[in-house]
Amino acid sequence: HRLASFGWSGMVGVATGMNDAGLAVADLVALHTGGSRQPQPGVPVLLAVRSMLEAAGSVEAALAWLGAARRTMPQNYALADGQDVRVVETSATRFQVRPAEAGLALITNFWNEPRGGAKDGRYAGMLKAAGDGKLGPAELQRILAGAALRKMNIQSVILEPETRKAYVAHGKLPVAGLA
């Protein structure tokens, strides 16, 4: 599949991307996983995300690809296509898939977020801010801005798998409110 990669100057690989089949992937480093954070042999994460987008055309295919991959570091992924959305919490030995909650695939940098695994309140804040209404780019931008790690939020991307549209923010930190 052809793909769009969203990153920053000097970055090699894909942290956030979407392919021509409408598969969208967002990758966040998993923090405080309770296990070793030492890299394991395998394909570097950002190159693996690119390979996944090249090979898979749906959430189900991406789950199969990611499950079989030699994963190197703890990561959290949001996977979405026009019909499905999932969150995957991974490490070299962990592969935990969780369904969307209230139609949302919310992730930050922690595992077990729906069961209280989040350490900083961003997950709960996003869930509360989402409410019960339909969310468009403006609402998602507001939610992301509220959850942004102020000094680390150098990129923010909202992807629409059904339409293959992307809304990208960059500029002054935090950028999530600028898309």
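Residues numbered from 1 in each chain as written. Predicted model: local features only at pLDDT ≥ 70, side-chain atom pairs only at ≥ 80, totals over all residues. Heavy atoms only, no water.

S.K.: I keep staring at the nonpolar core and nothing clicks. Help me out?
M.R.: The tendency in soluble globular proteins is for nonpolar side chains to be buried as a group. Counting 16 residues, the largest nonpolar core has L23, V25, V49, Y77 and L79 as the members making the most contacts within it. Contributing elements (two or more residues each) for this core: helix 1 (45-55), helix 2 (59-68) and strand 4 (75-80). Not counting residues up to four positions away in its chain, the partners in contact with L79 are A24, V25, M52, V59, A62, L63, D84, V85, R86 and V88. Listed in part, the seven residues of the second largest apolar core include L104, L106, Y123 and I143. (Core = buried A, V, L, I, M, F, W, Y, C linked by side-chain atoms within 4.5 Å. Buried < 20%, exposed > 50% of the residue type's maximum accessible area, 1.4 Å probe, protein only. Helix = DSSP H or I, 4+ residues; strand = E, 2+ residues; numbered from the N terminus. Contact = heavy atoms within 4.5 Å.)

S.K.: Help me understand the environment of Y123 in this model?
M.R.: Looking at where Y123 falls in the secondary structure, it is placed in helix 3 (residues 122-130). Spatially, the C-alpha atoms of Y123 and T108 are 6.4 Å apart, while their sequence positions differ by 15 residues. Other than its neighbours up to four places away in sequence, Y123 contacts R98, E101, L106, T108, E113, P114 and A118.

S.K.: I would appreciate a short explanation of the pairing of strand 7 (residues 156-160) in the present structure.
M.R.: Each regular strand displays side chains that alternate between the two surfaces of the sheet. Taking burial as the measure, the five residues of strand 7 include four buried ones, the bulk of the element. Connecting the antiparallel pair strand 7 and strand 8 (residues 165-169) is a turn made up of four residues, with R164 showing a positive phi of about 65 degrees. (Pairing = 2+ DSSP bridges.)

S.K.: How should the packing of aromatic side chains be read in this particular structure?
M.R.: Any two aromatic rings considered together are summarised by their centre-to-centre distance and by the angle between their planes. Within the structure shown, the criterion is met by zero aromatic pairs. The residue whose ring lies beneath R94 is W111, and the NZ or CZ to ring-centre distance is 4.1 Å. (Phe/Tyr/Trp six-rings, centres within 6.5 Å; stacked < 30°, edge-to-face > 60°. Lys NZ or Arg CZ within 6 Å of the ring centre and 35° of its normal.)

S.K.: What should I look at first to understand unusual backbone geometry in this one?
M.R.: Peptide bonds are, in most cases, trans, and in most cases residues other than glycine have a negative phi. Positive phi, normally seen in glycine, also occurs at N112, with a value near 55 degrees. Mapped onto the elements, N112 comes out in the loop between strand 6 (95-99) and helix 3. Positive phi, normally seen in glycine, also occurs at R164, with a value near 65 degrees. Along the chain, R164 falls in the loop between strand 7 and strand 8. According to the relative accessible area criterion, R164 is partly exposed, its value standing at 40%.

S.K.: Can you help me understand the pairing of strand 3 (residues 24-29) in this one?
M.R.: The sheet contact formed by strand 2 (residues 16-19) and strand 3 spans three bridges and is antiparallel. Residue pairing for strand 3: M18 is matched across the bridge by A24. Where strand 3 and strand 4 come together, six bridges link them in antiparallel fashion. Paired with L28 across the bridge in strand 4 is N76.

S.K.: For this particular structure, what's the right way to read a nonpolar patch on the surface?
M.R.: A contiguous nonpolar surface patch, about 250 Å² in accessible area, is contributed by V12, V43 and L47. With respect to the helices and strands, the residue L47 is situated in helix 1. The class of L47 is partly exposed, set by a relative accessible area of 34%. (Patch = residues over 30% accessible without salt bridge, like charges linked within 9 Å, V, L, I, M, F, W, Y side chains within 5 Å. Areas by Shrake-Rupley, 256 points an atom, 1.4 Å probe, with all protein chains shown as cover. Salt bridge = Lys/Arg side-chain N within 4 Å of Asp/Glu carboxyl O.)

S.K.: Looking at this structure, I do not really get the pattern of salt bridges. What am I missing?
M.R.: Proximity of charged atoms lets side chains of opposite charge pair with each other. In total, this model carries eight salt bridges according to the counting rule given. Among the ionic pairs, E60 bridges to R86, the shortest N-O distance being 3.0 Å. Highlighted residues: E60 in helix 2 and R86 in strand 5 (residues 85-90), separated in sequence by 26 residues. Ionic pairing is found between E89 and R94, a salt bridge with its closest N-O pair at 2.7 Å. Through salt bridges that share partners, E89, R94, R98 and E113 make up one connected network.

S.K.: Just to check I follow, could you spell out the sheet that holds strand 4 for this structure?
M.R.: Two strands in a sheet stick together by hydrogen bonds in their backbones, pointing the same way (parallel) or opposite ways (antiparallel). The sheet built from six strands is open, its strands ordered 1-2-3-4-5-6 with antiparallel pairing. The outermost strands of the open sheet, each flanked by one partner alone, are strand 1 (3-6) and strand 6. Going across the sheet, the axis of each strand differs from the next one's by a mean of 15 degrees, ignoring polarity. The strands touched by helix 2 are strand 4, strand 5 and strand 6; relative to strand 5, the strand with the most contacts, the crossing angle is about 10 degrees. (Axes fitted to C-alpha atoms, helices over the stretch in contact; angles between N-to-C directions.)

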